[in-house]
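Residues per chain, in single letters:
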Amino acid sequence: MRTHTLVPSLLLLGALSLTAACSSGSDGSPDVAGAGGRHGSAATPSPVRSIDPSEIKGLRIVNDSSEQSSCPFATSYPDVPGAEAMTAAMKKDVEKLLTGFRSGRCEGGTDGARPLDLNISHQILVASGDVLGVRLTTQDRNAAGSGLSTKTYWYDGKAGAYRTALGLVAEGSRDAFLSALKDRLKGREGVDAAFLDDTFSDPASRAAVLDDMAFTADGGLRVAFDRGDVGVPAAGAVTVTLPGEEVTPWLSAFGKRAQRQTVTPSPSLDLGATHAPTQAVPTHTASGDDDTDCKKVRCVALTFDDGPAASETATLLTYLAQHKARATFFTLGQNVAAHPDVVRAEARAGNEIGNHSWNHPDLTKLTPEQIAYQLNRTSAAIKAATGKAPTLFRPPYGAVNAQVKAATTLSPVLWDVDTEDWKYPDAGTVAQTVIAKARRNSVVLMHDIHPTSVAAVPQILRTLTARGYHFVTVSHLRATL
Ligand code: NI
């Protein structure tokens, strides 16, 4: 993640080396999945193991997002108990980018043009023993070039300290390590040797450029450079993997442990955190099929996007059960993977589970292959959690076109009442908006990642029930109209 200043000579070089080899998609297409490596035409499987986030005790995914095409953003990063210093580093980076996006291009837009989406997604690389490693992938479609950048964050549970990617390499071995990297890079087309020397000799630019390192399953160290970081932007993102036998002597004590935990993971993660008891997942069960006839009575479909969020969603399920109300949850695949038990509880209580993509990109900006990947991977996670594949999807930002529809068999669901609850984190405002705007057969858009939205639900249920409304799922509403 670096704001790159391009030297003029590189622009010239760029024109000459459009066919430079690189490890990302040859068309420079971004890996919007943000997890599992480069999918699609590049077809290079991730050399880094991916792990099951649902096995991390007390994991919370911190999400923020909007559903509005005038301010399209979605960010996420993991908050693992015990690794607070690393969480703080991710939070700082994410909030800086998001604040810039919202104040500069989103809410304060000067030219009237709608901004393209900002997306920050995460991948947990290692969660084993006393080592935690996470990669954040930022896709800012408003930025110059591909707008794609990646950064890895490391936590050393033994020392109780956050480590940057460069912290994997011992201070005394940095020169040898850098020189080995340079040797590998200088053979690549599109890499500018003089530029590389300058970048690596300045500590600040070195740290900014060498901010994505992770071990491969066989102990090699994979160093990923964002587009334009080590040469001409046309060369795309570049990766160098130094084999284990070469890189191991240069690793720091933490680097060696991170390497060991990647190659031979321990059965569990132990960062020394004292686990606060997590909120129990509710066990409400639906009493058979819903026989509400929306031709005869007033129905409304409440929909909750972007979850599940461990504690907020659990609270919401209790409110719904107290009022015998059903709702539809448009879940994000990356959150389903982290909290499959919560999604199971949603379904068991008679709610409907829909697909809201893996990590909330604007699907209309993706290739058909990427659209299918976003939706299919999420449907698979929902099916794994509940035993049933979804039939509905909600396109992030309501952005849907013929290409998106053609890429899936899922039926799109938009909304007619928008609470804008991401913008107004106030339970009273959210409740009043729904109560004032809901009509017979309305589909109401809310987000269960916000505690304030969940807190608005009891008042919504009480008031609208008193006015004769019944709360049904979207599929039920559609089937009985
Ligand atoms: Ni959303």
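Above this text sits the structure in question.
Note that the structure is a prediction, hence the values are computed from the model and not measured.

**Topic: the overall build of the chain**
Scanning the chain for helices and strands turns up 15 helices and 17 strands. Each of the 481 residues in the chain was classed as buried or not, and the buried ones make up 54%. By element, 52% of the accessible surface of the chain is carried by carbon and sulfur atoms, the whole surface being about 19,500 Å².

**Comments concerning the pattern of salt bridges**
Counted by the stated rule, this structure contains 16 salt bridges. Of the charged contacts in the structure, one is a salt bridge between Asp-197 and Lys-182, with a shortest N-O distance of 3.2 Å. On the criterion of sequence distance, the pair formed by Asp-197 in helix H4 (residues 193-201) and Lys-182 in helix H3 (residues 174-186) is long-range, its members being 15 residues apart. Judged by relative accessible area, which is 30%, Asp-197 ranks as partly exposed. A salt bridge links Asp-293 to Lys-296; the nearest nitrogen and oxygen atoms lie 3.9 Å apart. We classify Asp-293 as partly exposed; its relative accessible area is 28%. Overall, the relative accessible area of 69% leaves Lys-296 in the exposed class.

**Overview of the nonpolar core**
The nonpolar side chains of soluble globular proteins are, as a tendency, buried together. Residues Phe-177 and Phe-225 are the most contacted members of the largest nonpolar core, which totals 33 residues. Going through the elements one at a time, strand E3 (118-128), H3, H4, strand E7 (213-215), strand E8 (221-225), strand E9 (238-242) and helix H7 (253-263) are the ones with two or more residues in this core. Ranked by residues supplied to this core, first place goes to H3 with five residues. In this view, Phe-177 contacts Leu-166, Val-169, Met-213, Leu-221, Val-223, Leu-242, Val-247 and Trp-250; residues no more than four positions away in its chain are not counted. In terms of nonpolar packing, the next biggest core, distinct from the first, is built from 26 residues, Leu-316, Leu-320, Phe-329 and Leu-461 among them.

**A closer look at the packing of aromatic side chains**
Inspection of the entire model under this criterion finds five aromatic pairs. Centroid distance Phe-73 to Trp-422: 5.8 Å. Interplanar angle 80°. Geometry classified as edge-to-face. Remark: Trp-422 occurs in the loop between strand E15 (417-418) and helix H13 (427-437) and Phe-73 occurs in strand E2 (residues 73-79); sequence separation between them is 349 residues. Per residue, the accessibility class of Phe-73 equals that of Trp-422, and both read buried. Judged by centre distance (6.4 Å) and plane angle (70°), the rings of Trp-154 and Phe-254 are edge-to-face. Taken together, the residues span a long stretch of sequence, with Trp-154 in strand E5 (residues 148-156) and Phe-254 in helix H7 at a distance of 100 residues.

**Describing the state of the cysteines**
All told, the structure shown has one disulfide when counted by the stated rule. In this model, Cys-294 is linked to Cys-299 through a disulfide, with the two sulfur atoms separated by 2.2 Å. What sets the handedness of the Cys-294 and Cys-299 disulfide is the S-S torsion sign, and at about -85° it is left-handed. In this structure Cys-294 comes out as buried when scored by relative accessible area, which is 2%.

**Brief notes about the coordination of the nickel ion**
Glu-67 (OE), Glu-67 (OE), Asp-306 (OD), His-356 (NE2) and His-360 (NE2) make up the full set of protein donors to the nickel ion, lying at 2.0 to 2.6 Å. Read in sequence order, the donor residues coordinating the nickel ion give the pattern E-x238-D-x49-H-x3-H. With Glu-67 in the loop between strand E1 (60-65) and E2 and His-356 in the loop between strand E12 (352-355) and helix H11 (368-386), this residue pair connects regions lying 289 residues apart in the sequence. For Glu-67, a relative accessible area of 1% corresponds to the buried category.

**A closer look at the pairing of E8**
Side-chain direction in a regular strand flips from residue to residue, so the side chains alternate between the two faces of the sheet. Of all five residues that make up E8, five are buried, and the element is covered over most of its length. Side chains Leu-221, Val-223 and Phe-225 of E8 all project onto a buried face; the interleaved residues Arg-222 and Ala-224 project onto the opposite face, where all are buried too. Examined bridge by bridge, E7 and E8 share three bridges and lie antiparallel to one another. Directly across from Met-213, in E8, lies its bridge partner Val-223. Turn length for the E7-E8 hairpin, with the two strands adjacent in sequence and antiparallel, is five residues, and the turn residue Gly-219 shows positive phi of about 95°. Across five bridges, E8 lies against E9 in antiparallel orientation. Note that in E9 the partner of Leu-221 across the bridge is Leu-242.

**Digging into H7**
For H7, the set of buried residues is Phe-254, Gly-255, Arg-257, Ala-258, Gln-259, Gln-261 and Thr-262. Buried-residue contacts for H7 involve E3, strand E4 (131-140), E5, strand E6 (161-163), E7 and helix H6 (244-247).

**Here we look at the environment of Thr-137**
By secondary structure assignment, the location of Thr-137 is in strand E4. Classification of Thr-137 as buried rests on a relative accessible area of 7%. Placed 14 residues apart in sequence, Thr-137 and Gln-123 show a C-alpha to C-alpha distance of 8.1 Å.

**Section: the sheet that holds E6**
Overall, mixed pairing links the six strands, which are arranged E1-E2-E3-E4-E5-E6 in an open sheet. Of all strands in the sheet, those with a lone pairing partner are E1 and E6, marking the two edges. With direction set aside, neighbouring strand axes in the sheet form an average angle of 20°. As defined by bridge partners, E4 adjoins E5 across nine bridges and the pair is classed as antiparallel. By the bridge assignment, Val-134 is partnered in E5 with Tyr-153. Contacts from helix H2 (residues 84-106) reach E1, E2, E3, E4, E5 and E6, with the element oriented near 170° to E2. Each of E3, E4, E5 and E6 touches H7; the most contacted strand, E5, lies at about 100° to it.

**Thoughts on the packing of H3 against H4**
One way to put it is that H3 packs onto H4 with a least axis distance of 11 Å and a crossing angle of 160°. With respect to each other, H3 and H4 are oriented roughly antiparallel. Considering only the axes of H3 and H4, their crossing is right-handed. Residues Leu-178, Leu-181, Lys-182, Leu-185 and Lys-186 of H3 pack against Ala-193, Leu-196, Asp-197 and Phe-200 of H4. Here the contact of H3 with H4 is composed, by residue class, of six nonpolar, no polar and three charged.

Conventions and cut-offs
Residues numbered from 1 in each chain as written. Predicted model: local features only at pLDDT ≥ 70, side-chain atom pairs only at ≥ 80, totals over all residues. Heavy atoms only, no water. Helix = DSSP H or I, 4+ residues; strand = E, 2+ residues; numbered from the N terminus. Buried < 20%, exposed > 50% of the residue type's maximum accessible area, 1.4 Å probe, protein only. Areas by Shrake-Rupley, 256 points an atom, 1.4 Å probe, with all protein chains shown as cover. Salt bridge = Lys/Arg side-chain N within 4 Å of Asp/Glu carboxyl O. Core = buried A, V, L, I, M, F, W, Y, C linked by side-chain atoms within 4.5 Å. Contact = heavy atoms within 4.5 Å. Phe/Tyr/Trp six-rings, centres within 6.5 Å; stacked < 30°, edge-to-face > 60°. Disulfide = S-S within 2.5 Å. Donors = N, O, S within 2.8 Å, 3.2 Å for Na, K, Ca; no water. Pairing = 2+ DSSP bridges. Axes fitted to C-alpha atoms, helices over the stretch in contact; angles between N-to-C directions. Parallel < 35°, antiparallel > 145°, perpendicular 65-115°, else oblique. Left-handed = near helix turned anticlockwise from the far one by under 90°. Nonpolar A, V, L, I, M, F, W, Y, C, P; charged D, E, K, R; others polar.

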